[in-house]
Amino acid sequence: AWPDSPLIMSYRAIPGKGEVPMDVFEEWLGEEHNGLRLAYPMVTEAPGIMEAILDDGDTQWEQGPYGLVQPARGNHADPHDIDAVLVPLLAFDLQGHRLGYGKGYYDRFLARCRPSIPRVGFSWFPPLERLPDVGGYDIPLSHCVTPDRLYVF
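Below or above, wherever it landed, is the structure these notes cover. (Residues numbered from 1 in each chain as written. Predicted model: local features only at pLDDT ≥ 70, side-chain atom pairs only at ≥ 80, totals over all residues. Heavy atoms only, no water.)

**Let's talk about the overall build of the chain**
No. 1: The helix and strand tally for the chain stands at 2 helices and 12 strands.
No. 2: Order of helices (α) and strands (β) in the chain, N terminus to C terminus: β-α-β-β-β-β-β-β-β-β-α-β-β-β.
No. 3: Its C-alpha radius of gyration of 15 Å places the chain within 12% of the 15 Å reference for a compact globule of 153 residues.
No. 4: In terms of overall dimensions, the chain has a C-alpha envelope of 40 × 35 × 30 Å along the principal axes.
No. 5: Among the 153 residues that make up the chain, the fraction classed as buried is 44%.
No. 6: The averaged location of the 22 negative side-chain charges in the chain is 6 Å from the averaged location of its 12 positive side-chain charges. (Helix = DSSP H or I, 4+ residues; strand = E, 2+ residues; numbered from the N terminus. Rg over C-alpha atoms; globule rule 2.2 N^0.38 Å. Buried < 20%, exposed > 50% of the residue type's maximum accessible area, 1.4 Å probe, protein only. Lys, Arg positive; Asp, Glu negative; His and termini not counted. Charge placed at Lys NZ, Arg CZ, Asp CG, Glu CD.)

The structure is reproduced here in structure tokens:
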């Protein structure tokens, strides 16, 4: 169960990359959780850091590195204050490992969050049996949502 006014880090799908858009899910979360607060990732190529930026309702969006749609500016959310992270992905496996774009932004960010929070991936496709080359720094998902099923790891 999430606290009152949960803080959820979501994302904006990268156009043309096949990521699941979060608009409908965010709307549903807002109906289910009074006082829902959303944050979105903002990345910098150097030094390769991703921060959570609070959506104040007047957020201006810009094209960031790697085609990301991200807040142009805003107040940073402390990763320890985040109650769940919604994670984009290209593929995932039955162990909850995800394949992203290989830059490690989400893994480094999730390492700064409380280890117990939900890390929820969204995929149009079912899982692979096992992803190759899972590294020791990779942080697995706790859940993944597909059109057919919710996977819990």
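**As for the packing of aromatic side chains**
One pair of aromatic rings is described through two measures. These are the centre distance and the angle between the planes.
No. 1: Scanning the entire structure with this criterion turns up 6 aromatic pairs.
No. 2: Through a chain of ring-to-ring contacts, the aromatic side chains of Phe25, Trp28 and Phe122 assemble into a single cluster.
No. 3: Geometry around Tyr105 places Arg108 over its ring, the cationic atom sitting 5.2 Å from the centre. (Phe/Tyr/Trp six-rings, centres within 6.5 Å; stacked < 30°, edge-to-face > 60°. Lys NZ or Arg CZ within 6 Å of the ring centre and 35° of its normal.)

**A word on the layout of surface pockets**
No. 1: Reported here for the largest pocket is a volume of approximately 670 Å³.
No. 2: Along the walls of the largest pocket sit 32 residues, with Arg98, Gly100, Tyr101, Gly102 and Lys103 positioned nearest its centre.
No. 3: Those elements that place two or more of their residues in the lining of the largest pocket are strand E2 (37-44), strand E5 (69-71), strand E9 (98-99) and helix H2 (105-110).
No. 4: Here the lining of the largest pocket gets 3 residues from one element, more than from any other, and that element is H2.
No. 5: Of the residues belonging to the lining of the largest pocket, the class tally is 19 nonpolar, 5 polar and 8 charged.
No. 6: Considered as a void within the structure, the second largest pocket measures approximately 220 Å³ in volume.
No. 7: Lining the second largest pocket, in full, are Trp2, Phe25, Trp28, Leu29, Leu86, Pro118, Val120, His143, Val145 and Leu150.
No. 8: Secondary-structure elements contributing two or more residues to the lining of the second largest pocket are helix H1 (23-32) and strand E11 (143-145). (1 Å grid on protein atoms, 1.4 Å probe; cavity = no way out; pocket = protein on both sides within 12 Å on 5 of 7 lines; lining within 4 Å. Points joined across faces, edges and corners; volume = space filled by probe spheres on them. Nonpolar A, V, L, I, M, F, W, Y, C, P; charged D, E, K, R; others polar.)

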